[in-house]
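Residues per chain, in single letters:
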Amino acid sequence: MAYQGILHRYGHLLNLPSYTRPVSLLEGDTPLIPLPRLGRELGCELYVKFEGLNPTGSFKDRGMTAAISEALGRGAQTVICASTGNTAASAAAYAARSGLRAIVLIPEGKVAMGKLAGAVAYGAEVIQVQGSFDDALALVVEITQKTPIALVNSINPYRIEGQKSAAFEICDDLACAPDWLCLPVGNAGNITSYWAGFKQYQACNATGLPQILGVQAEGAAPLVLGHPVEKPETVATAIRIGRPARGEQALEAAQESNGMIIAVSDAEILATQRVLASEGIWVEPASAAGLAGLMAKTAAGQFEARGKKIVVVCTGHGLKDPSIVTESFPSPKLISATYQALADLIL
Ligand code: AN7
């Protein structure tokens, strides 16, 4: 039967209320792409779980199909979220499909163009907040406590339920859990979900458990520093978050899995974005953080990749944030429309 999305495929493993009314854009079923060349360099079996290939271009669609389906079934009319961009675009798309009103709060001036454009295109009401993501999240929490507006940030437990599907897919594709899972950490919903998903699959299918390497950006690394960051800064705007809502659970996932949470610099993130592109995989900066962390630790001799099966999660597509690339090179060379001019340039 044709693929019908994660609620259809894994709904029996997700803790969703019976009144849930499924709304799907056929999210999930993303490819686990082998990286044999880079894997050889690191001495490991390396894969990218390319979550940028979800319907709105990021991993958020897995949790959003669950959260919006629950909100619709419950009779909500309006959904709201705070977002560094990808959650906004995803909420906007699933709300549009369900006929719900979507309101998204974004930090002023710090959201990548492809995400903002998506949220607008899908018809959300977009509001900029003079503050950070964390300030915006505090506002949406307050208004959803005082009104029937439904919160669709990853504080919402159904977001976590839907997002677990990514761990199930990896185990299904590999016929076991990987030895390591490396991923970026912002508000920490994703790492929480993966760990819950892997534990659940291990309990039913004895697939084993990965160690988890969570990676933050140095300028937004509250879980590495051990305290909130008041003014988070990083080129990876998706993870420009100083007060992760599920920070405790992220630390638990790292600890229980015998993994770790580390930070990498913006320069390492951008260099790793180019490494992935050199393998044909263009991701937004935040999405390169997992591999950046793996490469930095391996280079420092603090990580033994040799002989391991490693999955790097690339959370969002490069098209989300094209200006990071276009602003880093001068305009393309311009030639007259003649064969000679072309030959002179490239031969
Ligand atoms: C590409 O959209 O927080 O640790 O508001 O967009 O689960 O927060 C995005 C986060 C990683 C971090 N990679 O995931 C939002 C938002 C990308 C992201 C993360 C985000 P979490």
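Note that the structure is predicted; figures quoted are calculated from it, not measured.

Criteria and cut-off values
In this convention, every chain numbers its residues from 1, walking through the sequence in written order. The predicted nature of this model means local features are confined to residues of pLDDT at least 70 and side-chain atom pairs, given and counted, to a pLDDT of 80 or more, with totals for whole chains, interfaces and linings taken over all residues. Hydrogens and water are ignored here; the side-chain numbers use all heavy atoms of the structure. Throughout, near means a residue has at least one heavy atom within 4 Å of the molecule or strand. For the purposes of these results, a polar contact is taken to be a pair of N or O atoms within 3.5 Å, where, inside protein, one atom must be able to donate a hydrogen and its partner to accept one; residues adjacent in sequence count only when each atom of the pair is a side-chain atom. Every accessible area reported is derived by Shrake-Rupley at a probe size of 1.4 Å, with residue values counting cover from the shown protein chains alone. The definitions used throughout rest on a 1 Å grid laid over the protein atoms alone, on which a cavity is an enclosed set of points accommodating a 1.4 Å probe that cannot get out and a pocket is an open set flanked by protein within 12 Å on both sides along at least five of seven lines; lining residues are those having an atom within 4 Å of a point. More than half of a molecule's atoms lying within 2 Å of a cavity's or pocket's grid points is what places that molecule inside it. Here a helix means four or more residues in a row that DSSP labels H or I, a strand means two or more in a row labelled E, and each is numbered from the N terminus. Each residue gets one of three labels, nonpolar for Ala, Val, Leu, Ile, Met, Phe, Trp, Tyr, Cys and Pro, charged for Asp, Glu, Lys and Arg, and polar for the others, Gly among them. Domains are outlined according to an automatic or database domain assignment. Grid points are joined across faces, edges and corners, and a volume is the space filled by probe spheres set on the points. Salt bridges are counted wherever a side-chain nitrogen of Lys or Arg sits within 4 Å of a carboxyl oxygen of Asp or Glu. In this description, strands pair whenever DSSP reports at least two bridges between them. Note on geometry: axes are C-alpha line fits, over the in-contact stretch for helices, and angles between N-to-C directions span 0 to 180 degrees. For patch detection, residues must exceed 30% relative accessible area and be free of salt bridges, and they are connected within 9 Å for like charges or within 5 Å for nonpolar side chains (Val, Leu, Ile, Met, Phe, Trp, Tyr). A contact between two residues is defined here by any heavy atoms of the two lying within 4.5 Å. If you view a crossover with the strands going away from you and the path from the first strand over the helix to the second runs clockwise, you call it right-handed. Throughout, exposure labels follow a simple rule: accessible area from a 1.4 Å probe, protein chains only, divided by the maximum for the residue type, with under 20% read as buried, over 50% as exposed, and the rest as partly exposed. Relevant arc is that of directions from the helix axis to the C-beta atoms, nothing else.

(A) Region of interest: the site of the ligand. Residues in contact with the ligand amount to 23 residues; listed here are only the nearest, Thr87, Gly186, Asn187, Ala188 and Thr315. One nitrogen or oxygen atom from the main chain of Asn190 is found 2.8 Å from an oxygen atom belonging to the ligand. Note that a nitrogen atom of the ligand is positioned 2.6 Å from one of the side-chain N or O atoms of Thr315. For the ligand, whose free accessible area comes to 470 Å², the fraction covered by protein is 98%. Spatially, the ligand is embedded in the largest cavity. At the level of secondary structure, the elements contributing two or more residues to the shell around the ligand comprise helix 4 (86-98) and helix 9 (189-205). The class makeup of the residues in the shell around the ligand is nine nonpolar, twelve polar and two charged. There are two domains that each give the shell around the ligand at least three residues, and those are domain 1 (6-58 + 161-326) and domain 2 (60-157).

(B) Summary view of empty space enclosed by the protein. Summed over the entire model, instances satisfying the criterion amount to one cavity of 30 Å³ or more. The computed volume of the largest cavity comes to approximately 370 Å³. Where the lining of the largest cavity is concerned, the elements lending two or more residues are helix 3 (60-74), helix 4, helix 7 (157-163) and helix 9. No other element matches the four residues that helix 9 contributes to the lining of the largest cavity. The class makeup of the residues in the lining of the largest cavity is twelve nonpolar, 17 polar and three charged. Each of domain 1 (6-58 + 161-326) and domain 2 (60-157) accounts for three or more of the residues forming the lining of the largest cavity.

(C) How the structure looks around the pattern of salt bridges. Inspection of the entire model under this criterion finds 16 salt bridges. The salt bridge involving Arg37 is made with Glu279; its shortest N-O contact spans 3.5 Å. Of this pair, Arg37 sits in helix 2 (residues 36-42) while Glu279 sits in the loop between helix 12 (266-277) and helix 13 (289-299), placing them 242 residues apart in sequence. A network of salt bridges, in which partner residues are shared, links Lys49, Glu51, Arg62 and Glu169.

(D) Molecular detail of the sheet that holds strand 2 (residues 45-50). Reading across from one edge, 1-2-10-7-8-9 is the order of the six strands in this open sheet, with mixed pairing throughout. Every interior strand has two partners, whereas the edge strands, strand 1 (32-34) and strand 9 (260-264), have only one. The sheet shows a mean angle of 25° between the axes of neighbouring strands, direction not considered. As judged from the three bridges shared by strand 7 (residues 180-184) and strand 10 (residues 309-314), these two strands associate in the parallel manner. Note on strand 10: the bridge partner recorded for Leu181 is Val311.

(E) Geometry of a nonpolar patch on the surface. Residues Ile335, Tyr339, Leu342, Leu345, Ile346 and Leu347 make up a contiguous nonpolar surface patch of about 670 Å² in total accessible area. Here Ile335 lies in the loop between helix 14 (323-326) and helix 15 (339-346).

(F) View of the sheet that holds strand 4 (residues 101-107). Here four strands make up an open sheet; going across it, the order is 5-4-3-6 and the pairing parallel. Of all the strands in the sheet, the pair left with one neighbour each is strand 5 (125-129) and strand 6 (150-151). Bridging between strand 3 (residues 78-82) and strand 4 involves five bridges; their strand directions are parallel. Bridge pairing in strand 4 links Val79 to Ala102. Contacts from helix 4 reach strand 3 and strand 4, with the element oriented near 170° to strand 3. The sheet strands contacting helix 6 (residues 133-146) are strand 3, strand 4, strand 5 and strand 6, and the helix crosses strand 3 at an angle near 150°.

(G) Spotlight on the pairing of strand 5. Across five bridges, the pairing between strand 4 and strand 5 is parallel. Its bridge partner lying in strand 5, Ile106 is registered against Gln128. Where the polypeptide runs from strand 4 across helix 5 (residues 113-121) and back to strand 5, its parallel neighbour, the crossover connection is right-handed.

(H) Structural view of helix 11 (residues 247-256). For helix 11, every residue scored as buried is listed here: Gly247, Ala250, Ala253 and Ala254. Take helix 11 and look down its axis: the buried residues cluster within an arc of 120°, on one side only. Every exposed residue of helix 11 that faces more than 90 degrees away from the buried side is listed here: Glu248 and Gln255. As for helix 11, its buried residues are in contact with helix 9, strand 8 (211-217), helix 10 (222-225) and strand 9. The first or second residue beyond helix 11 is Asn258, which carries a positive phi of 60°.

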